[in-house]
Amino acid sequence: MHLHKYEKIWLIFGISSLVLFLAILAYGAFWKGTHPQSHAEVIDPDNVEAHESFQPEHLGLNDMGDGQYVVNIVASAFNYDLGKDDDEKPVNTIRVPKGSTILFQVTSTDVVHGFNPAGTNVNMMVEPGYVSSYETVFNKPGTYTIVCNEYCGIGHHMMHATLEVYE
Ligand SMILES: [Cu+2]
């Protein structure tokens, strides 16, 4: 079979690109540990309190000691439930010292919400029926606004909370 010179070049280019991209994918997967979320935790969206983390007394900031924190949040239109303070007022701001490790655990009771402390590498979809979790270290002091970045309805723009990282 005769192949035109340009066709050969094009085939070589195509096949090499394929091999290159597969190699990059393999490098990411086997050496860099990039992988799809595989530890999905399910939850009954109509009864999130059946899950220990989402019982009212465990909502919001939980200090586990040694600079480790767990933040449990129930998202619903159009609010992040971070529990209540000593005066029974809803908490909207959480404060942690610089260098803290925070494990966020978020679930939804109604529709899909987003969870993104703006300016950080935390950006999760929060789906009813699942627990979205992500652990990260906050080394940069500042005030981070946690925003819902999945349109969830008429009050979507009002859905926010605040994370303060202090020195
Ligand atoms: Cu929203």
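Just so we're clear, the structure is a prediction, and the values are computed from it rather than from any experiment.

K.L.:
When you look at the layout of surface pockets in this model, what are you seeing that I'm missing?
P.N.:
Space left empty within the atom packing is revealed by a probe, the size of a water molecule, rolled over the atoms. Considering only enclosed or pocket space, the second largest pocket measures out at about 200 Å³ in volume. Pro 56, Leu 59, Asp 81, Gly 83 and Lys 84 are, among the 15 residues lining the second largest pocket, the residues nearest its centre. Ranked by residue count, the leading element in the lining of the second largest pocket is strand β4 (residues 79–81), at 3 residues. Taken together, the residues that form the lining of the second largest pocket break down as 9 nonpolar, 2 polar and 4 charged.

K.L.:
Help me understand the sheet that holds strand β10 (residues 142–147) in this model?
P.N.:
Strand-to-strand pairing in sheets goes through backbone hydrogen bonds, with the strands running parallel or antiparallel. The strand order β5-β11-β10-β7-β8 describes an open sheet built from 5 strands, whose pairing is mixed. Both outer strands of the open sheet, β5 (93–97) and β8 (124–126), are each paired with one neighbouring strand and no more. Within the sheet, the average angular offset between the axes of one strand and its neighbour, ignoring direction, is 20°. Where strand β7 (residues 113–117) lies against β8, 3 bridges are found, and the strand directions are antiparallel. By the bridge assignment for β8, His 113 is matched with Val 126.

K.L.:
Just checking my understanding: could you explain the pattern of salt bridges for this structure?
P.N.:
Close approach of charged atoms lets side chains of opposite charge pair. Taken as a whole, this structure holds 2 salt bridges when the rule is applied. A salt bridge links Glu 164 to Arg 95; its shortest N-O distance comes to 2.9 Å. Of this pair, Glu 164 sits in strand β11 (residues 160–166) while Arg 95 sits in strand β5, and the two are 69 residues apart along the sequence.

K.L.:
I'm lost on the pairing of β7 in this one. Help?
P.N.:
The two faces of the sheet receive side chains in turn, since in a regular strand these alternate between them. When you tally the buried positions in β7, you get 5 out of 5 residues, the bulk of the element. Here β7 shows no split at all, with His 113, Phe 115 and Pro 117 on one side and Gly 114 and Asn 116 on the other all buried. Here β7 hands over to β8 after 6 residues, with Gly 119 in that stretch at a positive phi of 90°. Bridge count for β7 against β10 is 2 bridges, and the pairing is antiparallel. Counted as the bridge partner of Asn 116 is Val 147 from β10.

Calculation notes
- Residues numbered from 1 in each chain as written.
- Predicted model: local features only at pLDDT ≥ 70, side-chain atom pairs only at ≥ 80, totals over all residues.
- Heavy atoms only, no water.
- 1 Å grid on protein atoms, 1.4 Å probe; cavity = no way out; pocket = protein on both sides within 12 Å on 5 of 7 lines; lining within 4 Å.
- Points joined across faces, edges and corners; volume = space filled by probe spheres on them.
- Helix = DSSP H or I, 4+ residues; strand = E, 2+ residues; numbered from the N terminus.
- Nonpolar A, V, L, I, M, F, W, Y, C, P; charged D, E, K, R; others polar.
- Pairing = 2+ DSSP bridges.
- Axes fitted to C-alpha atoms, helices over the stretch in contact; angles between N-to-C directions.
- Salt bridge = Lys/Arg side-chain N within 4 Å of Asp/Glu carboxyl O.
- Buried < 20%, exposed > 50% of the residue type's maximum accessible area, 1.4 Å probe, protein only.

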